[in-house]
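Letter by letter, the chains look like this.
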Amino acid sequence: MKETPTAPTPVILGIDDLRPLPRATRIARTSREGVRLLLEHRDGFIDELWLDHDLGGDDSIMPVVTLLEEAAFDGRPFRIGTVFVHSANPIGAATVVRSLTRWNYRVRRATA
């Protein structure tokens, strides 16, 4: 009996201190956890990456953005379908969108 091949489960990562992000397959709650999560997926394809600008207290998404920028600068950008940036901080979100767009990541401003 032949089995029908199943489509691989999409990899949807979220980095957000508060939101549950129900579609995400993995969630990091701090920038440190976010960097670690991305490095775990370094050589794979990430279908969606959801980023919140403010991660509570003095923490922000900027260390994650820096990792993505440095990877692109080195000629090995992360393979990501779409980066979704959501934040209650419109200026912070715009900065993230602008930074990642400059390095040719496909980025969209979203609400979550």
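Structure: above.
Residues numbered from 1 in each chain as written. Predicted model: local features only at pLDDT ≥ 70, side-chain atom pairs only at ≥ 80, totals over all residues. Heavy atoms only, no water.

Asks: Describe the overall build of the protein, listing the residues and the values that go with them.
Replies: For the protein, the helix and strand inventory stands at 3 helices and 5 strands. Since a compact globule built from 112 residues should have a radius of gyration of about 13 Å, the 14 Å found for the protein is in line with a globular shape. The principal-axis extent of the C-alpha atoms belonging to the protein is close to 55 × 35 × 25 Å. Residue pairs at least 24 apart in sequence account for 66% of intrachain contacts in the protein once pairs closer than 6 positions are excluded. By element, 54% of the accessible surface of the protein is carried by carbon and sulfur atoms, the whole surface being about 6,800 Å². (Helix = DSSP H or I, 4+ residues; strand = E, 2+ residues; numbered from the N terminus. Rg over C-alpha atoms; globule rule 2.2 N^0.38 Å. Contact = heavy atoms within 4.5 Å. Areas by Shrake-Rupley, 256 points an atom, 1.4 Å probe, with all protein chains shown as cover.)

Asks: Talk me through the side chain of E48; I want residue IDs and the actual numbers.
Replies: Residue position: E48 is located in strand β3 (residues 45-52). A polar side-chain atom of E48 sits 2.5 Å from a polar atom in the side chain of R23. Within the structure, E48 has its side chain in polar contact with the side chain of W50 (distance 2.9 Å). E48 has contacts with V11, I12, L13, R23, T82 and F84, leaving out every residue within four places of it along the chain. (Polar contact = N/O pair within 3.5 Å; in protein donor to acceptor, adjacent residues only side chain to side chain.)

Asks: Explain helix α3 (residues 90-102) to me, using residue names and the numbers behind them.
Replies: For α3, with 13 residues, the first-to-last C-alpha span of 18 Å sits near the 18 Å given by 1.5 Å per residue. Listed as buried for α3 are G92, A93, V96, S99 and L100. Taken around the axis of α3, the buried residues stretch over an arc of 130°, which confines them to a single face. In α3, the exposed positions that point more than 90 degrees away from the buried face belong to P90, I91, R98 and R102. As for α3, its buried residues are in contact with β3, α2 (62-73), β4 (79-86) and β5 (107-109). (Expected span 1.5 Å × (residues − 1). Buried < 20%, exposed > 50% of the residue type's maximum accessible area, 1.4 Å probe, protein only. Arc of directions from axis to C-beta.)

Asks: Tell me what's going on with unusual backbone geometry, and back it up with residues and numbers.
Replies: Although it is not a glycine, L21 sits at a positive phi angle of roughly 45°. The topology assignment puts L21 in the loop between β1 (12-15) and β2 (26-28). Using a relative accessible area of 9% as the deciding quantity, one classes L21 as buried.

Asks: How would you summarise the pattern of salt bridges if you had to cite specific residues and measurements?
Replies: Scanning the entire structure with this criterion turns up 5 salt bridges. Here E48 makes a salt bridge to R23, at a shortest N to O gap of 2.5 Å. Taken together, the residues span a long stretch of sequence, with E48 in strand β3 and R23 in the loop between β1 and β2 at a distance of 25 residues. On the accessibility criterion, E48 (14% relative accessible area) is buried. Put simply, D43 and R76 hold a salt bridge, and the shortest N to O gap is 3.0 Å. One end of the pair, D43, is in the loop between α1 (31-40) and β3; the other, R76, is in the loop between α2 and β4, with 33 residues separating them in the sequence. (Salt bridge = Lys/Arg side-chain N within 4 Å of Asp/Glu carboxyl O.)

Asks: For the nonpolar core, give the residues involved together with the corresponding values.
Replies: With 25 residues, the main nonpolar core has L38, L49, L51, L68, L100 and Y105 as its most contacted residues. Sorting the residues of this core by element identifies β1, α1, β3, α2, β4 and α3 as the ones contributing at least two each. By residue number, the principal contributor to this core is α2, which donates 6 residues. Excluding residues that lie within four positions of it along the chain, L51 makes contacts with I15, I61, V64, V83, F84, V85, H86, V96 and L100. (Core = buried A, V, L, I, M, F, W, Y, C linked by side-chain atoms within 4.5 Å.)

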